[in-house]
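Observations on the model geometry
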Amino acid sequence: QVQLVESGGGLVQPGGSLRLSCAASGSIFSRDAMGWYRRAPGKERELVAHITSGGSTNYADSVKGRFTISRDNAKNTVYLQMNSLKPEDTAIYYCKMVTAGQNTYWGQGTQVTVSS
C-alpha cells in the first residue's frame, strides 16, 4: 500500500521561505517519478515541479528560480524548497508519485498561505 505524507506547510510572509516534505512508503522509491502540484482557491490543480527517478527536474514558469525540488532516496522523501514566496503561491500543495509501473498516487495535501 503506497502512502504519501506531506508536511511543512504553514503561514509565511511574502518574501519568506518554506520547505515541504513528502515521505513515501510502500514503493521502490528510487524508481518513482515524483512531483509537487498545487491548487489555489478557485483554480485548477497545476504542476509546480517534477523530478524523475534519475534526478532530472522541471518547473512551472511561475516558480522557476524560486523553488527547488529534490529527493533523498535513502529517506524515501521528496522536498520542495520554496523561496521568495508570493501571495499568489498560496494554495494546497500535493505530492504525486508515478511508479515505474505507471501507477499514480497522491498525498493528502498541505496548506501554504503567503500573507502579511
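Residues numbered from 1 in each chain as written. Predicted model: local features only at pLDDT ≥ 70, side-chain atom pairs only at ≥ 80, totals over all residues. Heavy atoms only, no water.

**Describing the sheet that holds strand β1 (residues 3–7)**
The following threshold applies: Here the rule is simple: two strands pair whenever DSSP picks up at least two bridges between them. Elements are defined by DSSP. Helices are runs of H or I of four residues or more, strands are runs of E of two residues or more, and each kind is numbered from the N terminus. Inter-axis angles, ranging from 0 to 180 degrees, are taken between N-to-C directions of lines fitted to C-alpha atoms, where helices are fitted over the stretch in contact.
What the four strands build is an open sheet, ordered β1-β3-β8-β7; its pairing is antiparallel. Looking at strand neighbours, the two that pair on one side only are β1 and β7 (67–72), the edges of this open sheet. For this sheet, the mean angle separating the axes of adjacent strands, direction not counted, is 15°. Sheet topology note: the β1/strand β3 (residues 18–25) ladder contains five bridges and is antiparallel.

**Quick look at the state of the cysteines**
Test applied: Count a disulfide wherever a pair of cysteine sulfur atoms falls within 2.5 Å.
Enumeration over the complete set of coordinates arrives at one disulfide. Residue Cys22 pairs covalently with Cys95 via a disulfide, S to S 2.1 Å. Taking the sign of the S-S torsion, about -80° here, the bridge from Cys22 to Cys95 comes out left-handed. With Cys22 in strand β3 and Cys95 in strand β9 (residues 91–98), this residue pair connects regions lying 73 residues apart in the sequence.

**Some points on the packing of aromatic side chains**
What characterises a pair of aromatic rings is the spacing of the ring centres plus the angle enclosed by the ring planes. Spelled out, the test is: In this analysis, rings of Phe, Tyr and Trp, with Trp reduced to its six-membered ring, are considered paired at centre separations within 6.5 Å, and the interplanar angle assigns stacked below 30 degrees, edge-to-face beyond 60, and tilted for intermediate values. Only when the NZ atom of a Lys or the CZ atom of an Arg is both within 6 Å of the ring centre and within 35 degrees of the ring normal do we say a charge sits over the ring.
With the rule as written, the count across this model stands at one aromatic pair. Between the NZ or CZ atom of Arg45 and the centre of the ring of Tyr94, over which it lies, the distance is 5.2 Å. Positioned above the aromatic ring of Trp106 is the side chain of Arg45, whose terminal nitrogen or guanidinium carbon lies 3.7 Å from the ring centre.

**Some details on the pattern of salt bridges**
Filter applied, for reference: By salt bridge we mean one thing: a side-chain nitrogen of Lys or Arg within 4 Å of a carboxyl oxygen of Asp or Glu. For every residue, the accessible area obtained with a 1.4 Å probe (protein chains only) is divided by the maximum for its type, and the residue is called buried under 20%, exposed over 50%, and partly exposed between those limits.
Tallied over the entire structure, the rule returns four salt bridges. One salt bridge in this structure joins Asp89 and Arg38, with 3.0 Å as the shortest N-O distance. In this pair, Asp89 sits in the loop between β8 (77–82) and β9 while Arg38 sits in strand β4 (residues 33–39), placing the two residues 51 residues apart along the sequence. Accessibility assignment for this pair places Asp89 and Arg38 in one class, buried. Arg66 is paired through a salt bridge with Asp89; the nearest N and O atoms lie 2.8 Å apart.

**Overview of the pairing of β8**
Counting buried positions along β8 yields five of six residues, so the element is predominantly enclosed. Pairing between β3 and β8: six bridges, direction antiparallel. The partner of Leu20 across the bridge, within β8, is Leu80. Both β7 and β8 contribute to a ladder of six bridges, which runs antiparallel. Bridging from a neighbouring strand, Arg71 pairs with Val78 of β8. A loop of four residues connects β7 with β8, the two strands running antiparallel in sequence, and Asn76 in this loop sits at a positive phi of about 50°.

**Comments concerning the side chain of Asp89**
To keep it simple, the criterion reads: Two N or O atoms form a polar contact when they lie within 3.5 Å of each other; inside protein one atom must be a possible hydrogen donor and the other a possible acceptor, and for residues adjacent in sequence the pair counts only when both atoms belong to side chains. Whether two residues are in contact is decided by their heavy atoms: any pair within 4.5 Å suffices.
Assessed through its relative accessible area of 1%, Asp89 is described here as buried. In this structure the side chain of Asp89 is engaged in a polar contact, spanning 3.0 Å, whose partner is the side chain of Arg38. A polar side-chain atom of Asp89 sits 2.8 Å from the main-chain amide nitrogen of Lys86. When neighbours within four sequence positions are excluded, Asp89 is seen to be in contact with Arg38, Arg66, Phe67, Ser84, Val112 and Val114.

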